[in-house]
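# A structural walkthrough
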Amino acid sequence: MAEEIGESTPAVSFDYELYEGDPDHLRTVAATPPLISPWIDPASLKLKHRIGRGPFGDVWLATHHQSGADFDEYHEVAVKMLHTVEKDHMQKFLNKFEELFPKLRRHSGVCWLHGISILSGKICIAMKFYEGSVGDCMAQLKGGKLPLPNVLRHGIDLAKGIEGLHSIGLLVLNLKPSNFLLNEHNQVILGDFGIPYLLLGIPLPNLDLALRIGTPNYMAPEQWEPEVRGPITFETDTWGFGCSIVEMLTGVQPWFGMSIAEIYDSVVVKQEKPQLPKGLPPAVENVINGCFEYDLRNRPLMADIIHAFESSQNAISNDGEWIGLGSRSFLEKSDSSGYTSWFLSKDHFQVGDTVRSRKIVNSCKAKSMDVPEGTIVGLEKDTDRGGFVLVRIHRMHNPQRVNVSTLERVTSGFVVGDWVRMIEENNHHSSVGILHSIQRNGTVAVGFLGLETLRKGHISELQMAEAYYVGQFVRVKENILTPRFDWPQKRGGAWATGKISRILPNGCLVVRFPGRLPGDVSSSYFADPSQVERVSFDSCPGIVEKYQHAEDFHWVVRPLAITIGLLTALTLGFFVGGNVRARLKKGKRNQQQGDGNTQDGQSGGNSAWLPPPVANILFREGPPTATAR
């Protein structure tokens, strides 16, 4: 399941006829244009002075000297000099760049690349020098914010440029206004073509991980810890795009003035989102809000953003205000299944697809299957943006008209969102993950804990795995001596039981321990789904185990049980004590009555001196009566 960045497009060959003196006998020759080499002779690059500094290296103004038999040219270029990369890993980066170089040259939405070289042991990428950027324009305006028409126009250019990079398998991961360059036609192009993505998996000395993956103010939650909170996908760029648009609209950088640790706490831990200004067209407001969905699968793609921005351009007045009429009606953020409209629009149905009713995400609640399984026999228009399809269901005579948002495609028995397991174990990542996409030819992309990006391969390498849901109780398996993540233990050394509070897109479980007392060191832990097992009352064999599982539900169960036990003991004590006291009083009262009867009969006979119980025993029917003399 080797992940591919993108298949290189071979150079286009052409035929021509070669004249060799005889016009009647021309020779046909096939020719292929020579491949453009990305390598630049280090001696032809002359650095002038540094013009910028970023998380991945420095930017220098330089001169690139090109000469040939009949020409001699000097080009003013910008050179991105990356931080030092170990020699063992440098070739990996160079190979990736060489493969992508011809594709990037053909991409009009990305800065024009001259090539790559090595200067002073550092990788240097030479690109065309551009006079200004969107960030420069914002700095010159009062308040630092752009008019809404300019934001929409720039946003469309940017989204198309990003979409072009995605089409060749590249992610930018460093979207921000200072990297949005302006060409001679005042069009926005990307000044970063995906250097952070090419650096994934390559260790860089003395550089913070967060800075290596992107700029903190624009980073998506999964960028902070991609192997744990990932994977990094196309939707990761959607978050950075949304942050950039918010900055253009407000003139304020997201999380401005906050430290890296504070940004991490806001974005990753608290799941906060940048605030949008009021008065935006509904389609723009909706799509930008979608950019900040915590679950990356629920974010829109660049095609969705382009559609929203282009449809809103005609609703902008000359002074930059929105002039839309009517109610602010637009697609709902999410439906009852837990998926947003952006997620639902990513799979395009075709006639002949096998479909069934969509499951509720991360929930074990049963859902009525309106379509247990059927085949699409008809499509309505715009089924990718909502609509209906005709589904033929087994044992039903007429096809059913069903909304596409309620259906999911079944391919080889799998659907997007299924829990899957690698048939062959892999020591580099978890063997259990979540299926992100499945093509009709069996090609799949799966998110695995331990991988920074999606792993691609074929469905034949996977099998169904046990599904986990939010609210389930789990614990580390007994045969796991050293789990991937720290996990609390009970006093006897057994693994504690926790409750799943969130499931990340790569299958990583976020587990809380409601049975632990308040004030413990950590409130939540990560868990590898391949290393845990579910725990329920049914799986607990005895009364003691069931009570111990009850304690896992909340920390207050044990003190409550102790309190109830004490109250029960006190109540029982009062009840028993009351009964004892009542019997003692009754016995005393009977004794007093017996003493009175004896005193009255003392003059009547010799047996009157005996206590009544003794007399009853000796004489059975009472003492004999004294006869008169």
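Residues numbered from 1 in each chain as written. Predicted model: local features only at pLDDT ≥ 70, side-chain atom pairs only at ≥ 80, totals over all residues. Heavy atoms only, no water.

Moving on, we come to the overall build of the protein chain. For the protein chain, the helix and strand inventory stands at 15 helices and 25 strands. For the protein chain, the residues scored as buried account for 45% of the 629 residues in total. Contacts in the protein chain between residues at least 24 apart in sequence constitute 58% of all its contacts with a sequence separation of at least 6. Accessible area for the protein chain stands at about 34,200 Å²; split by element, carbon and sulfur atoms hold 53% of it. (Helix = DSSP H or I, 4+ residues; strand = E, 2+ residues; numbered from the N terminus. Buried < 20%, exposed > 50% of the residue type's maximum accessible area, 1.4 Å probe, protein only. Contact = heavy atoms within 4.5 Å. Areas by Shrake-Rupley, 256 points an atom, 1.4 Å probe, with all protein chains shown as cover.)

Moving on: the sheet that holds strand E19 (residues 455-458). Sheet architecture is open: 5 strands sit in the order E19-E18-E17-E16-E20, paired in antiparallel fashion. On the outer flanks of this sheet lie E19 and strand E20 (462-464), each paired with one strand and no other. Going from strand to strand, the sheet's axes swing by 45° on average, the running direction of each strand aside. Of the strand pairs in this sheet, strand E16 (residues 419-422) and E20 are connected by 3 bridges, and their pairing is antiparallel. Note that in E20 the partner of Arg421 across the bridge is Gln463. (Pairing = 2+ DSSP bridges. Axes fitted to C-alpha atoms, helices over the stretch in contact; angles between N-to-C directions.)

Let us look at the nonpolar core. Grouped together as the largest cluster of nonpolar side chains are 87 residues, with contacts concentrated most on Phe241, Ile288 and Phe309. No other element matches helix H3 (residues 148-167), which puts 8 residues into this core. Contact partners of Ile288, with chain neighbours within four places excluded, come to Phe241, Gly242, Ile245, Val246, Leu276 and Phe309. Core analysis: the next-biggest nonpolar cluster, separate from the first, contains 19 residues, Trp419, Ile434, Trp495 and Val511 among them. (Core = buried A, V, L, I, M, F, W, Y, C linked by side-chain atoms within 4.5 Å.)

Below, the discussion takes up the pattern of salt bridges. For the structure shown, the criterion picks out 19 salt bridges. One salt bridge in this structure joins Glu408 and Arg356, with 3.1 Å as the shortest N-O distance. One end of the pair, Glu408, is in strand E15 (residues 407-410); the other, Arg356, is in strand E11 (residues 354-357), with 52 residues separating them in the sequence. Summarising the burial analysis for this pair, Glu408 and Arg356 share the class buried. Between Asp528 and Arg484 there is a salt bridge, with the nearest N and O atoms lying 3.1 Å from each other. (Salt bridge = Lys/Arg side-chain N within 4 Å of Asp/Glu carboxyl O.)

This part covers helix H10 (residues 282-291). Counting buried residues along H10, 7 of its 10 residues qualify, which places the element largely inside the surrounding structure. Looking only at H10, the buried set comprises Pro282, Val284, Asn286, Val287, Ile288, Gly290 and Cys291. Summarising the contacts, the buried residues of H10 are in contact with H3, helix H8 (234-250), helix H11 (302-313) and helix H12 (341-344).

This paragraph deals with the environment of Pro177. Mapped onto the elements of the fold, Pro177 is located in the loop between H3 and strand E9 (180-182). A relative accessible area of 3% places Pro177 in the buried class. Sequence separation between Pro177 and Ser244 is 67 residues, and the spatial gap between their C-alpha atoms is 6.1 Å. Once residues lying within four places of it in the same chain are set aside, the contact partners of Pro177 are Ser133, Val134, Gly135, Met138, Tyr218, Ser244 and Glu247.

Applying the stated criterion across every chain yields a total of 10 aromatic pairs. Ring geometry for Trp224 versus Tyr264: centroids 5.6 Å apart, planes at 75°, classification edge-to-face. Highlighted residues: Trp224 in helix H6 (residues 221-224) and Tyr264 in helix H9 (residues 260-269), separated in sequence by 40 residues. Residue classification places Tyr264 among the partly exposed positions, given a relative accessible area of 24%. An aromatic cluster of at least three residues, connected via ring pairs, comprises Phe97, Phe101 and Phe193. Sitting over the face of the ring of Tyr339, Arg358 holds its NZ or CZ atom 5.6 Å from the ring centroid. (Phe/Tyr/Trp six-rings, centres within 6.5 Å; stacked < 30°, edge-to-face > 60°. Lys NZ or Arg CZ within 6 Å of the ring centre and 35° of its normal.)

Together, Leu572, Phe575, Val576, Val580 and Leu584 make up an exposed nonpolar region whose accessible area comes to about 500 Å². Tracing the sequence through the fold places Leu584 in helix H14 (residues 557-600). (Patch = residues over 30% accessible without salt bridge, like charges linked within 9 Å, V, L, I, M, F, W, Y side chains within 5 Å.)

Right, let's talk about the sheet that holds strand E8 (residues 132-133) for a bit. The 3 strands lie next to each other as E8-E9-E10, forming an open sheet whose pairing is antiparallel. Looking at the sheet topology across the chains shown, the edges are occupied by E8 and strand E10 (188-190).

Glancing now at the confidence of the model for the protein chain. A residue-level look at the protein chain finds 79% of positions with pLDDT of 70 or above and a mean pLDDT of 82. Across residues 1-12 the pLDDT falls below 50, and counting only partners more than four positions away or on other chains, this stretch makes 30 contacts in the model. (pLDDT = per-residue confidence, 0-100.)

For the rest of this paragraph, the subject is the side chain of Asn179. Within the fold, Asn179 resides in the loop between H3 and E9. Polar side-chain contacts of Asn179 include one of 3.1 Å to the backbone oxygen of Asn174. Beyond its immediate stretch of four places on either side in the chain, Asn179 contacts Asn174, Ile189, Leu190, Gly191 and Asp192. (Polar contact = N/O pair within 3.5 Å; in protein donor to acceptor, adjacent residues only side chain to side chain.)

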